[in-house]
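# Structure assessment
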Amino acid sequence: MKLFLPSFLKGILLVGLLTIFALAGHTQNGNTVKPETVDSWLIQIENIEQNAEIFLTDKQQLSQLQEKLQKLIVEIENYKQELLPRQTELQSQIDKLGPAPTKDGPPEADAIIEERTRLDRDFNKVDAAIKRAGVATTKANQLISRIQNLRREVFARQLFSRQTLIYKPEVWTGLGQDLSDSSKQMAGIFNEWQLQAAPLSRVINLVAGLFLFFIFLCFVCNRLIQKFRRPPADDEPMFFHQAVSAVTVSLLRMVPGFVFLGGLYAGLFLLDAMTGHMSRLLGALIFFLGLVIVVASLSKSILAPTRPIWRMLPIIDKDAQRLVMLITGLAFVYALNRFGVVVVKLINASSAIGLLISLITLVLFTVLLVKILRISLGVKSEGIEDQPSHVLWPTWLKLPLWVVCFALIFAIPLGFLSFAEFLAGQVVLTGAIVLTAVLIHFAITELKSDIVDDRSNLGRWMGQQLLISSDGRSKISFAVGLTLNLLLLMIALPLVMLNWGFGSADISSWMSTVFYGFEIGSIRFSLASILIAVTLFS
(Lines give C-alpha, C1' and ligand atoms only; values in the text may rest on other atoms or scores of the structure.)
Protein backbone atom coordinates (compact mmCIF):
# COMPACT_ATOMS: atom_id res chain seq x y z
CA MET A 1 0.00 0.00 0.00
CA LYS A 2 1.38 3.37 -0.98
CA LEU A 3 1.50 6.23 1.41
CA PHE A 4 0.62 9.49 -0.28
CA LEU A 5 1.92 12.64 1.41
CA PRO A 6 1.73 16.26 0.30
CA SER A 7 4.98 17.57 -1.13
CA PHE A 8 5.53 20.06 1.67
CA LEU A 9 5.16 17.27 4.28
CA LYS A 10 7.73 15.21 2.39
CA GLY A 11 10.08 18.16 2.45
CA ILE A 12 9.59 18.64 6.20
CA LEU A 13 10.17 14.92 6.79
CA LEU A 14 13.33 14.95 4.70
CA VAL A 15 14.71 17.99 6.52
CA GLY A 16 13.89 16.38 9.85
CA LEU A 17 15.70 13.17 8.95
CA LEU A 18 18.75 15.07 7.73
CA THR A 19 18.77 17.10 10.96
CA ILE A 20 18.63 13.94 13.06
CA PHE A 21 21.51 12.38 11.12
CA ALA A 22 23.52 15.58 11.43
CA LEU A 23 22.95 15.78 15.18
CA ALA A 24 23.84 12.13 15.57
CA GLY A 25 27.03 12.65 13.63
CA HIS A 26 27.83 15.77 15.68
CA THR A 27 27.31 13.87 18.95
CA GLN A 28 29.48 11.06 17.78
CA ASN A 29 32.24 13.42 16.69
CA GLY A 30 31.97 15.32 19.98
CA ASN A 31 32.82 12.17 21.94
CA THR A 32 35.68 11.18 19.65
CA VAL A 33 39.12 11.11 21.23
CA LYS A 34 41.57 13.29 19.32
CA PRO A 35 45.08 12.93 20.79
CA GLU A 36 46.45 15.41 18.25
CA THR A 37 44.25 18.12 19.81
CA VAL A 38 45.84 17.68 23.24
CA ASP A 39 49.29 17.55 21.61
CA SER A 40 48.64 20.87 19.87
CA TRP A 41 47.60 22.44 23.17
CA LEU A 42 50.77 21.23 24.88
CA ILE A 43 52.84 22.64 22.01
CA GLN A 44 51.06 26.00 22.31
CA ILE A 45 51.73 26.07 26.05
CA GLU A 46 55.43 25.40 25.42
CA ASN A 47 55.54 28.19 22.81
CA ILE A 48 53.89 30.61 25.23
CA GLU A 49 56.42 29.66 27.90
CA GLN A 50 59.27 30.40 25.49
CA ASN A 51 57.71 33.76 24.57
CA ALA A 52 57.35 34.59 28.25
CA GLU A 53 61.13 34.20 28.57
CA ILE A 54 61.57 36.66 25.71
CA PHE A 55 59.13 39.32 26.97
CA LEU A 56 60.21 39.33 30.61
CA THR A 57 59.97 43.12 30.87
CA ASP A 58 57.03 43.79 28.53
CA LYS A 59 53.87 43.98 30.63
CA GLN A 60 51.54 44.26 27.65
CA GLN A 61 52.99 41.21 25.88
CA LEU A 62 52.84 39.20 29.10
CA SER A 63 49.18 40.17 29.51
CA GLN A 64 48.42 38.96 25.98
CA LEU A 65 50.17 35.65 26.69
CA GLN A 66 48.11 35.24 29.85
CA GLU A 67 44.89 35.82 27.90
CA LYS A 68 45.92 33.14 25.38
CA LEU A 69 46.53 30.69 28.21
CA GLN A 70 43.13 31.40 29.73
CA LYS A 71 41.45 30.75 26.37
CA LEU A 72 43.39 27.49 26.06
CA ILE A 73 42.22 26.42 29.52
CA VAL A 74 38.61 27.03 28.51
CA GLU A 75 39.07 24.92 25.36
CA ILE A 76 40.74 22.12 27.32
CA GLU A 77 38.01 22.10 29.97
CA ASN A 78 35.31 21.96 27.27
CA TYR A 79 37.15 19.05 25.66
CA LYS A 80 37.26 17.22 29.00
CA GLN A 81 33.56 17.84 29.58
CA GLU A 82 32.79 16.34 26.17
CA LEU A 83 34.75 13.18 27.00
CA LEU A 84 33.40 12.61 30.52
CA PRO A 85 29.97 11.30 29.38
CA ARG A 86 31.72 8.90 27.00
CA GLN A 87 33.96 7.68 29.82
CA THR A 88 30.93 7.12 32.08
CA GLU A 89 29.09 5.27 29.31
CA LEU A 90 32.03 2.95 28.63
CA GLN A 91 32.49 2.25 32.34
CA SER A 92 28.79 1.37 32.61
CA GLN A 93 29.04 -1.06 29.69
CA ILE A 94 32.12 -2.70 31.20
CA ASP A 95 30.31 -3.08 34.52
CA LYS A 96 27.39 -4.77 32.75
CA LEU A 97 29.74 -7.46 31.42
CA GLY A 98 30.74 -8.27 34.97
CA PRO A 99 34.22 -9.07 36.25
CA ALA A 100 36.66 -10.84 33.93
CA PRO A 101 36.90 -14.63 34.54
CA THR A 102 39.74 -15.96 36.64
CA LYS A 103 42.38 -18.33 35.28
CA ASP A 104 40.69 -21.34 36.85
CA GLY A 105 37.15 -20.27 35.91
CA PRO A 106 35.23 -21.16 32.78
CA PRO A 107 36.19 -19.14 29.70
CA GLU A 108 33.90 -16.47 28.25
CA ALA A 109 32.33 -16.64 24.85
CA ASP A 110 34.35 -15.23 21.97
CA ALA A 111 31.80 -12.44 21.40
CA ILE A 112 32.02 -11.33 25.03
CA ILE A 113 35.84 -11.46 24.97
CA GLU A 114 35.86 -9.34 21.81
CA GLU A 115 33.38 -6.86 23.30
CA ARG A 116 35.34 -6.60 26.59
CA THR A 117 38.58 -6.00 24.69
CA ARG A 118 36.97 -3.26 22.60
CA LEU A 119 35.44 -1.55 25.60
CA ASP A 120 38.70 -1.70 27.58
CA ARG A 121 40.60 -0.26 24.63
CA ASP A 122 38.11 2.62 24.13
CA PHE A 123 37.96 3.32 27.88
CA ASN A 124 41.75 3.50 28.14
CA LYS A 125 41.90 5.92 25.20
CA VAL A 126 39.29 8.22 26.73
CA ASP A 127 40.84 7.99 30.19
CA ALA A 128 44.32 8.74 28.82
CA ALA A 129 42.98 11.74 26.88
CA ILE A 130 41.26 13.14 29.98
CA LYS A 131 44.43 12.70 32.05
CA ARG A 132 46.59 14.37 29.39
CA ALA A 133 44.11 17.23 29.17
CA GLY A 134 44.39 17.54 32.97
CA VAL A 135 48.18 17.70 32.64
CA ALA A 136 47.83 20.46 30.02
CA THR A 137 45.48 22.40 32.33
CA THR A 138 47.94 22.08 35.21
CA LYS A 139 50.84 23.32 33.06
CA ALA A 140 48.76 26.24 31.80
CA ASN A 141 47.72 27.26 35.32
CA GLN A 142 51.32 27.06 36.55
CA LEU A 143 52.46 29.20 33.62
CA ILE A 144 49.69 31.73 34.33
CA SER A 145 50.89 32.04 37.94
CA ARG A 146 54.42 32.62 36.72
CA ILE A 147 53.35 35.24 34.18
CA GLN A 148 51.32 37.02 36.87
CA ASN A 149 54.40 37.19 39.08
CA LEU A 150 56.43 38.57 36.17
CA ARG A 151 53.80 41.22 35.47
CA ARG A 152 53.75 42.28 39.12
CA GLU A 153 57.53 42.62 39.10
CA VAL A 154 57.40 44.73 35.93
CA PHE A 155 54.64 46.92 37.40
CA ALA A 156 56.61 47.43 40.64
CA ARG A 157 59.78 48.36 38.72
CA GLN A 158 57.90 50.86 36.57
CA LEU A 159 56.01 52.29 39.52
CA PHE A 160 59.07 52.95 41.66
CA SER A 161 61.48 53.84 38.87
CA ARG A 162 63.34 57.08 39.57
CA GLN A 163 63.80 59.79 36.96
CA THR A 164 67.27 61.10 37.80
CA LEU A 165 67.39 63.06 34.52
CA ILE A 166 65.57 66.00 36.11
CA TYR A 167 68.81 66.96 37.91
CA LYS A 168 71.03 66.82 34.82
CA PRO A 169 71.49 70.27 33.20
CA GLU A 170 72.30 68.79 29.78
CA VAL A 171 68.76 67.41 29.59
CA TRP A 172 67.24 70.89 29.83
CA THR A 173 69.74 72.85 27.72
CA GLY A 174 68.13 71.79 24.43
CA LEU A 175 64.54 72.11 25.66
CA GLY A 176 63.75 75.07 23.41
CA GLN A 177 64.89 73.22 20.30
CA ASP A 178 63.01 70.09 21.42
CA LEU A 179 59.80 72.08 21.82
CA SER A 180 60.27 73.59 18.35
CA ASP A 181 60.84 70.16 16.79
CA SER A 182 57.85 68.70 18.58
CA SER A 183 55.57 71.51 17.43
CA LYS A 184 56.70 70.88 13.84
CA GLN A 185 55.92 67.18 14.27
CA MET A 186 52.45 67.99 15.55
CA ALA A 187 51.91 70.35 12.61
CA GLY A 188 53.03 67.58 10.25
CA ILE A 189 50.57 65.14 11.83
CA PHE A 190 47.77 67.70 11.43
CA ASN A 191 48.66 68.41 7.79
CA GLU A 192 48.82 64.68 7.01
CA TRP A 193 45.45 64.24 8.65
CA GLN A 194 43.99 67.04 6.50
CA LEU A 195 45.22 65.36 3.33
CA GLN A 196 43.96 61.88 4.25
CA ALA A 197 40.70 62.76 5.99
CA ALA A 198 37.54 64.43 4.77
CA PRO A 199 37.63 68.14 3.87
CA LEU A 200 38.13 70.38 6.88
CA SER A 201 34.88 72.22 6.12
CA ARG A 202 32.87 69.02 6.73
CA VAL A 203 34.61 68.50 10.06
CA ILE A 204 33.86 72.11 11.05
CA ASN A 205 30.20 71.64 10.06
CA LEU A 206 30.06 68.47 12.17
CA VAL A 207 31.48 70.25 15.22
CA ALA A 208 29.14 73.22 14.74
CA GLY A 209 26.09 70.99 14.44
CA LEU A 210 27.05 68.98 17.49
CA PHE A 211 27.67 72.17 19.45
CA LEU A 212 24.18 73.49 18.66
CA PHE A 213 22.70 70.14 19.69
CA PHE A 214 24.84 70.29 22.85
CA ILE A 215 23.30 73.67 23.75
CA PHE A 216 19.81 72.26 23.16
CA LEU A 217 20.52 69.25 25.39
CA CYS A 218 21.92 71.51 28.11
CA PHE A 219 18.65 73.47 28.07
CA VAL A 220 16.53 70.30 28.24
CA CYS A 221 18.63 68.70 30.97
CA ASN A 222 18.65 71.89 33.04
CA ARG A 223 14.85 71.96 32.91
CA LEU A 224 14.76 68.33 34.05
CA ILE A 225 17.25 69.08 36.84
CA GLN A 226 15.04 71.92 38.06
CA LYS A 227 12.13 69.50 38.11
CA PHE A 228 14.04 66.81 40.02
CA ARG A 229 15.49 69.32 42.47
CA ARG A 230 12.30 71.13 43.26
CA PRO A 231 12.14 71.75 47.03
CA PRO A 232 9.87 69.24 48.82
CA ALA A 233 6.54 70.59 50.01
CA ASP A 234 6.60 69.10 53.50
CA ASP A 235 10.15 68.98 54.85
CA GLU A 236 13.83 68.92 53.94
CA PRO A 237 14.84 65.81 51.95
CA MET A 238 16.46 62.99 53.86
CA PHE A 239 20.06 61.99 53.17
CA PHE A 240 19.03 58.99 51.07
CA HIS A 241 16.72 61.19 49.01
CA GLN A 242 19.64 63.53 48.44
CA ALA A 243 21.76 60.58 47.25
CA VAL A 244 19.08 59.46 44.77
CA SER A 245 18.79 63.03 43.52
CA ALA A 246 22.59 63.30 43.18
CA VAL A 247 22.75 60.12 41.04
CA THR A 248 19.90 61.28 38.80
CA VAL A 249 21.17 64.82 38.40
CA SER A 250 24.74 63.62 37.76
CA LEU A 251 23.53 61.47 34.89
CA LEU A 252 21.53 64.38 33.47
CA ARG A 253 24.56 66.66 33.67
CA MET A 254 26.67 64.08 31.82
CA VAL A 255 24.22 63.60 28.94
CA PRO A 256 25.05 66.74 26.87
CA GLY A 257 28.81 66.28 27.13
CA PHE A 258 28.73 62.55 26.43
CA VAL A 259 26.38 63.01 23.46
CA PHE A 260 28.69 65.69 22.06
CA LEU A 261 31.85 63.59 22.51
CA GLY A 262 30.18 60.39 21.28
CA GLY A 263 28.72 62.18 18.27
CA LEU A 264 32.10 63.74 17.54
CA TYR A 265 33.84 60.36 17.62
CA ALA A 266 31.16 58.67 15.49
CA GLY A 267 31.02 61.58 13.04
CA LEU A 268 34.79 61.69 12.56
CA PHE A 269 34.79 57.93 12.07
CA LEU A 270 32.06 58.13 9.40
CA LEU A 271 33.95 60.97 7.70
CA ASP A 272 37.10 58.77 7.64
CA ALA A 273 38.77 61.38 9.83
CA MET A 274 39.93 58.87 12.48
CA THR A 275 43.05 57.87 10.59
CA GLY A 276 46.74 57.71 11.32
CA HIS A 277 48.25 59.29 14.40
CA MET A 278 45.38 61.75 14.63
CA SER A 279 43.00 58.92 15.54
CA ARG A 280 45.00 58.17 18.69
CA LEU A 281 45.17 61.85 19.63
CA LEU A 282 41.45 62.42 19.10
CA GLY A 283 40.53 59.19 20.90
CA ALA A 284 42.66 60.12 23.92
CA LEU A 285 41.31 63.69 23.95
CA ILE A 286 37.69 62.49 23.90
CA PHE A 287 38.34 59.94 26.66
CA PHE A 288 40.01 62.39 29.03
CA LEU A 289 37.41 65.10 28.40
CA GLY A 290 34.80 62.50 29.31
CA LEU A 291 36.64 61.91 32.58
CA VAL A 292 36.50 65.64 33.39
CA ILE A 293 32.77 65.69 32.61
CA VAL A 294 32.14 62.77 35.00
CA VAL A 295 34.08 64.33 37.90
CA ALA A 296 32.57 67.79 37.36
CA SER A 297 29.03 66.39 37.19
CA LEU A 298 29.47 64.31 40.34
CA SER A 299 31.01 67.12 42.38
CA LYS A 300 28.43 69.70 41.32
CA SER A 301 25.51 67.32 41.95
CA ILE A 302 26.74 66.26 45.39
CA LEU A 303 27.77 69.70 46.63
CA ALA A 304 24.88 71.56 44.91
CA PRO A 305 26.38 75.10 45.19
CA THR A 306 23.12 76.84 44.22
CA ARG A 307 20.65 74.46 45.94
CA PRO A 308 21.66 74.05 49.60
CA ILE A 309 18.64 71.89 50.41
CA TRP A 310 20.03 69.10 48.18
CA ARG A 311 23.63 69.47 49.38
CA MET A 312 25.00 66.23 50.88
CA LEU A 313 27.61 68.05 53.01
CA PRO A 314 26.55 70.59 55.65
CA ILE A 315 28.66 73.47 54.29
CA ILE A 316 27.96 77.01 53.19
CA ASP A 317 27.48 78.05 49.54
CA LYS A 318 30.90 79.69 49.23
CA ASP A 319 32.81 76.58 50.29
CA ALA A 320 30.65 74.37 48.09
CA GLN A 321 31.40 76.54 45.04
CA ARG A 322 35.15 76.53 45.78
CA LEU A 323 35.20 72.76 46.23
CA VAL A 324 33.42 72.18 42.91
CA MET A 325 35.93 74.39 41.08
CA LEU A 326 38.97 72.83 42.75
CA ILE A 327 37.80 69.24 42.25
CA THR A 328 37.02 69.91 38.58
CA GLY A 329 40.45 71.53 38.21
CA LEU A 330 42.02 68.47 39.81
CA ALA A 331 40.39 66.21 37.22
CA PHE A 332 41.37 68.55 34.38
CA VAL A 333 45.04 68.64 35.43
CA TYR A 334 45.15 64.85 35.71
CA ALA A 335 43.53 64.47 32.27
CA LEU A 336 46.08 66.93 30.88
CA ASN A 337 48.89 64.83 32.36
CA ARG A 338 47.63 61.61 30.77
CA PHE A 339 46.95 63.30 27.42
CA GLY A 340 50.48 64.72 27.49
CA VAL A 341 51.87 61.21 27.99
CA VAL A 342 49.95 60.05 24.89
CA VAL A 343 51.27 62.96 22.82
CA VAL A 344 54.88 62.40 23.94
CA LYS A 345 54.73 58.71 23.02
CA LEU A 346 53.03 59.44 19.70
CA ILE A 347 55.56 61.95 18.40
CA ASN A 348 58.46 60.22 20.17
CA ALA A 349 59.39 63.49 21.87
CA SER A 350 62.54 63.96 23.89
CA SER A 351 62.72 62.94 27.53
CA ALA A 352 62.95 66.61 28.54
CA ILE A 353 59.46 67.36 27.16
CA GLY A 354 57.97 64.32 28.90
CA LEU A 355 59.58 65.32 32.18
CA LEU A 356 58.43 68.93 31.79
CA ILE A 357 54.79 67.89 31.23
CA SER A 358 54.89 65.50 34.19
CA LEU A 359 56.50 68.02 36.53
CA ILE A 360 54.14 70.89 35.66
CA THR A 361 50.94 68.83 35.88
CA LEU A 362 51.97 66.97 39.04
CA VAL A 363 52.95 70.18 40.84
CA LEU A 364 49.63 71.78 39.84
CA PHE A 365 47.79 68.67 41.01
CA THR A 366 49.52 68.76 44.38
CA VAL A 367 48.78 72.48 44.82
CA LEU A 368 45.09 71.97 44.04
CA LEU A 369 44.85 69.02 46.42
CA VAL A 370 46.46 71.03 49.23
CA LYS A 371 44.04 73.91 48.55
CA ILE A 372 41.11 71.50 48.82
CA LEU A 373 42.30 70.12 52.14
CA ARG A 374 43.06 73.57 53.54
CA ILE A 375 39.46 74.68 53.09
CA SER A 376 37.90 75.06 56.53
CA LEU A 377 34.40 73.82 55.97
CA GLY A 378 31.87 76.41 57.07
CA VAL A 379 28.54 75.31 58.52
CA LYS A 380 25.78 77.86 58.96
CA SER A 381 25.13 78.64 62.59
CA GLU A 382 21.56 78.35 63.74
CA GLY A 383 19.75 81.62 63.18
CA ILE A 384 22.87 83.47 61.98
CA GLU A 385 23.24 83.28 58.19
CA ASP A 386 26.29 85.55 57.83
CA GLN A 387 28.39 84.05 60.62
CA PRO A 388 29.13 80.43 59.75
CA SER A 389 30.84 78.19 62.25
CA HIS A 390 33.66 75.95 61.06
CA VAL A 391 34.09 72.20 61.27
CA LEU A 392 36.98 69.91 60.42
CA TRP A 393 37.05 67.47 57.54
CA PRO A 394 36.12 63.90 58.51
CA THR A 395 39.27 62.13 59.71
CA TRP A 396 38.59 59.04 57.57
CA LEU A 397 38.65 61.26 54.46
CA LYS A 398 41.21 63.92 55.35
CA LEU A 399 43.97 61.66 56.70
CA PRO A 400 44.40 59.51 53.53
CA LEU A 401 44.33 62.62 51.33
CA TRP A 402 47.00 64.34 53.42
CA VAL A 403 49.11 61.16 53.20
CA VAL A 404 48.77 61.35 49.40
CA CYS A 405 49.73 65.04 49.50
CA PHE A 406 52.90 64.45 51.50
CA ALA A 407 53.78 61.47 49.28
CA LEU A 408 53.43 63.70 46.21
CA ILE A 409 55.47 66.48 47.84
CA PHE A 410 58.36 64.07 48.52
CA ALA A 411 58.03 61.91 45.38
CA ILE A 412 58.13 64.71 42.80
CA PRO A 413 61.45 66.33 43.86
CA LEU A 414 63.07 62.92 44.33
CA GLY A 415 62.17 61.92 40.76
CA PHE A 416 59.55 59.23 41.47
CA LEU A 417 57.24 60.66 38.82
CA SER A 418 55.58 57.35 37.90
CA PHE A 419 54.63 56.81 41.53
CA ALA A 420 53.31 60.38 41.75
CA GLU A 421 51.19 59.88 38.61
CA PHE A 422 49.86 56.64 40.07
CA LEU A 423 48.80 58.43 43.27
CA ALA A 424 47.11 61.19 41.26
CA GLY A 425 45.19 58.54 39.35
CA GLN A 426 44.00 56.98 42.59
CA VAL A 427 42.67 60.31 43.83
CA VAL A 428 40.77 61.11 40.62
CA LEU A 429 39.77 57.75 39.12
CA THR A 430 39.43 55.58 42.21
CA GLY A 431 37.78 58.46 44.05
CA ALA A 432 35.21 58.92 41.25
CA ILE A 433 34.49 55.18 41.10
CA VAL A 434 34.11 54.78 44.86
CA LEU A 435 32.02 57.94 45.16
CA THR A 436 29.69 56.80 42.37
CA ALA A 437 29.37 53.35 43.94
CA VAL A 438 28.53 54.86 47.34
CA LEU A 439 25.84 57.09 45.80
CA ILE A 440 24.30 54.15 43.94
CA HIS A 441 24.39 52.12 47.17
CA PHE A 442 22.44 54.89 48.92
CA ALA A 443 19.97 54.90 46.02
CA ILE A 444 19.54 51.11 46.39
CA THR A 445 18.91 51.60 50.12
CA GLU A 446 16.24 54.15 49.29
CA LEU A 447 14.67 51.71 46.81
CA LYS A 448 14.56 49.01 49.50
CA SER A 449 12.79 51.34 51.91
CA ASP A 450 10.29 52.39 49.22
CA ILE A 451 9.34 48.76 48.60
CA VAL A 452 8.25 48.23 52.22
CA ASP A 453 6.87 51.74 52.84
CA ASP A 454 3.09 52.00 52.30
CA ARG A 455 3.39 55.78 51.90
CA SER A 456 5.69 55.54 48.83
CA ASN A 457 4.24 55.16 45.34
CA LEU A 458 6.15 51.92 44.76
CA GLY A 459 5.13 50.33 48.07
CA ARG A 460 1.51 51.40 47.65
CA TRP A 461 1.41 50.02 44.09
CA MET A 462 2.89 46.67 45.13
CA GLY A 463 0.44 46.41 48.03
CA GLN A 464 -2.74 47.51 46.25
CA GLN A 465 -2.22 46.39 42.66
CA LEU A 466 -0.03 43.30 43.09
CA LEU A 467 -1.62 42.39 46.46
CA ILE A 468 1.75 41.65 48.06
CA SER A 469 1.69 41.61 51.84
CA SER A 470 4.03 43.61 54.04
CA ASP A 471 5.98 40.47 54.91
CA GLY A 472 6.31 39.56 51.24
CA ARG A 473 7.54 43.04 50.35
CA SER A 474 10.13 42.83 53.13
CA LYS A 475 11.50 39.64 51.58
CA ILE A 476 11.48 41.20 48.11
CA SER A 477 13.25 44.27 49.50
CA PHE A 478 15.97 42.11 51.01
CA ALA A 479 16.46 40.11 47.80
CA VAL A 480 16.51 43.22 45.61
CA GLY A 481 18.97 45.01 47.90
CA LEU A 482 21.34 42.05 48.12
CA THR A 483 21.24 41.39 44.37
CA LEU A 484 21.76 45.01 43.32
CA ASN A 485 24.54 45.61 45.86
CA LEU A 486 26.37 42.46 44.75
CA LEU A 487 26.05 43.52 41.12
CA LEU A 488 27.32 46.98 42.05
CA LEU A 489 30.31 45.41 43.77
CA MET A 490 30.98 43.20 40.74
CA ILE A 491 31.05 46.29 38.52
CA ALA A 492 32.93 48.74 40.77
CA LEU A 493 35.63 46.39 42.07
CA PRO A 494 37.03 45.45 38.61
CA LEU A 495 37.21 49.14 37.69
CA VAL A 496 39.21 49.85 40.85
CA MET A 497 41.45 46.84 40.18
CA LEU A 498 42.06 48.06 36.63
CA ASN A 499 43.14 51.43 38.02
CA TRP A 500 45.45 49.70 40.52
CA GLY A 501 47.42 48.07 37.72
CA PHE A 502 45.69 44.71 37.34
CA GLY A 503 45.38 43.50 33.77
CA SER A 504 42.16 42.56 32.01
CA ALA A 505 43.24 38.90 32.10
CA ASP A 506 43.56 38.99 35.91
CA ILE A 507 40.22 40.71 36.32
CA SER A 508 38.35 38.35 33.98
CA SER A 509 39.84 35.34 35.77
CA TRP A 510 38.86 36.77 39.15
CA MET A 511 35.34 37.60 37.96
CA SER A 512 34.88 34.11 36.55
CA THR A 513 36.09 32.52 39.78
CA VAL A 514 33.82 34.62 41.99
CA PHE A 515 30.70 34.36 39.82
CA TYR A 516 30.92 30.74 38.70
CA GLY A 517 32.44 29.44 41.91
CA PHE A 518 35.51 28.16 43.69
CA GLU A 519 36.01 25.07 45.80
CA ILE A 520 37.19 24.78 49.40
CA GLY A 521 37.56 21.09 50.12
CA SER A 522 34.43 19.45 48.81
CA ILE A 523 32.27 22.60 49.12
CA ARG A 524 31.77 24.91 46.13
CA PHE A 525 30.92 28.58 46.55
CA SER A 526 29.62 30.79 43.72
CA LEU A 527 27.92 34.16 43.50
CA ALA A 528 25.47 32.83 40.92
CA SER A 529 24.29 30.11 43.32
CA ILE A 530 23.87 32.65 46.13
CA LEU A 531 21.78 34.96 43.95
CA ILE A 532 19.60 32.07 42.75
CA ALA A 533 19.10 30.84 46.31
CA VAL A 534 18.19 34.31 47.58
CA THR A 535 15.73 34.79 44.72
CA LEU A 536 14.04 31.41 45.27
CA PHE A 537 13.81 31.47 49.06
CA SER A 538 12.78 35.10 49.36
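Reference entry: report on the structure contained in this document. Residue positions are given per chain, counting from 1 as you read along its sequence in written order. The predicted nature of this model means local features are confined to residues of pLDDT at least 70 and side-chain atom pairs, given and counted, to a pLDDT of 80 or more, with totals for whole chains, interfaces and linings taken over all residues. Each side-chain value is worked out from all heavy atoms of the structure, with water and hydrogens disregarded.

## Examining the overall build of the protein
Just so we agree on the cut-off: Starting at the N terminus, helices and strands are each numbered in turn, a helix being any DSSP run of H or I of at least four residues and a strand any DSSP run of E of at least two. For every residue, the accessible area (1.4 Å probe, protein chains only) is compared with the maximum for its type, and the residue is labelled buried under 20%, exposed over 50%, or partly exposed between those bounds. In this analysis, two residues are considered to be in contact whenever any of their non-hydrogen atoms come within 4.5 Å of each other. The Shrake-Rupley method, run with a 1.4 Å probe, gives the accessible areas here. Residue values count only the displayed protein chains as cover.
Along the backbone of the protein there are 17 helices and four strands. By residue count, 35% of the 538 residues in the protein fall in the buried class. Expressed as a percentage of contacts within the protein between residues at least 6 apart in sequence, the contacts between residues at least 24 apart total 76%. For the protein, the computed accessible surface area is about 32100 Å², with 66% contributed by carbon and sulfur atoms.

## Points about the nonpolar core
We apply this condition: Residues belong to a common nonpolar core when they are buried Ala, Val, Leu, Ile, Met, Phe, Trp, Tyr or Cys residues joined through side-chain atoms within 4.5 Å.
Ranked by internal contacts, the top residues of the largest apolar core, which has 68 residues, are Leu268, Phe365 and Leu369. Looking at this core, the elements that each hand over two or more residues are α6 (175-196), α7 (200-228), α8 (239-270), α9 (276-303), α10 (317-347), α11 (351-373), α12 (395-414) and α13 (417-452). Look past the residues within four positions of Phe365 in its chain and what remains in contact with it is Leu330, Val333, Tyr334, Leu408, Ala424, Val427 and Val428. One finds Trp41, Leu62, Leu65 and Ala133 within the second-largest nonpolar core, a separate group that totals 29 residues.

## Concerning the state of the cysteines
Heads up, the condition is: The rule for a disulfide is simple: a pair of cysteine sulfur atoms within 2.5 Å.
Taken as a whole and judged by the stated rule, the model has zero disulfides. Left unpaired, Cys218 is separated from the closest cysteine sulfur, that of Cys221, by 7.0 Å.

## As for the side chain of Gln87
Using the following cut-off: Each polar contact in these results corresponds to two N or O atoms within 3.5 Å; when the atoms are within protein, one needs to be able to donate a hydrogen and the other to accept it, and residues that are neighboring in sequence are counted only if both atoms are side-chain atoms.
Summarising the element assignment, Gln87 is placed in helix α3 (residues 59-97). A distance of 3.0 Å separates polar atoms of two side chains, one belonging to Gln87 and the other to Asp127. Filtering out sequence-adjacent residues up to four positions away, Gln87 remains in contact with Phe123, Val126, Asp127 and Ile130.

## Re the environment of Ser63
Residue position: Ser63 is located in helix α3. Take Ser63: its relative accessible area is 12%, and that puts it in the buried class. A sequence separation of 439 residues divides Ser63 from Phe502, and the C-alpha atoms of the two residues are 9.7 Å apart.

## Description of the packing of aromatic side chains
Stated formally: Stacked, tilted and edge-to-face are the three classes assigned to paired rings of Phe, Tyr and Trp, where Trp is represented by its six-membered ring and a pair needs centres within 6.5 Å; plane angles under 30 degrees give stacked, over 60 edge-to-face, the rest tilted.
One pass over the full model with this rule turns up eight aromatic pairs. Geometrically, the ring pair formed by Trp41 and Tyr79 is edge-to-face, given 5.4 Å between the ring centres and 75° between the ring planes. Remark: Tyr79 occurs in helix α3 and Trp41 occurs in helix α2 (residues 35-54); sequence separation between them is 38 residues. As far as burial versus exposure is concerned, Trp41 and Tyr79 are alike and both buried. By way of ring pairs, the aromatic residues Phe211, Phe214 and Phe260 are connected into one cluster.

Without other data, these values stay purely geometric and don't point to any function.
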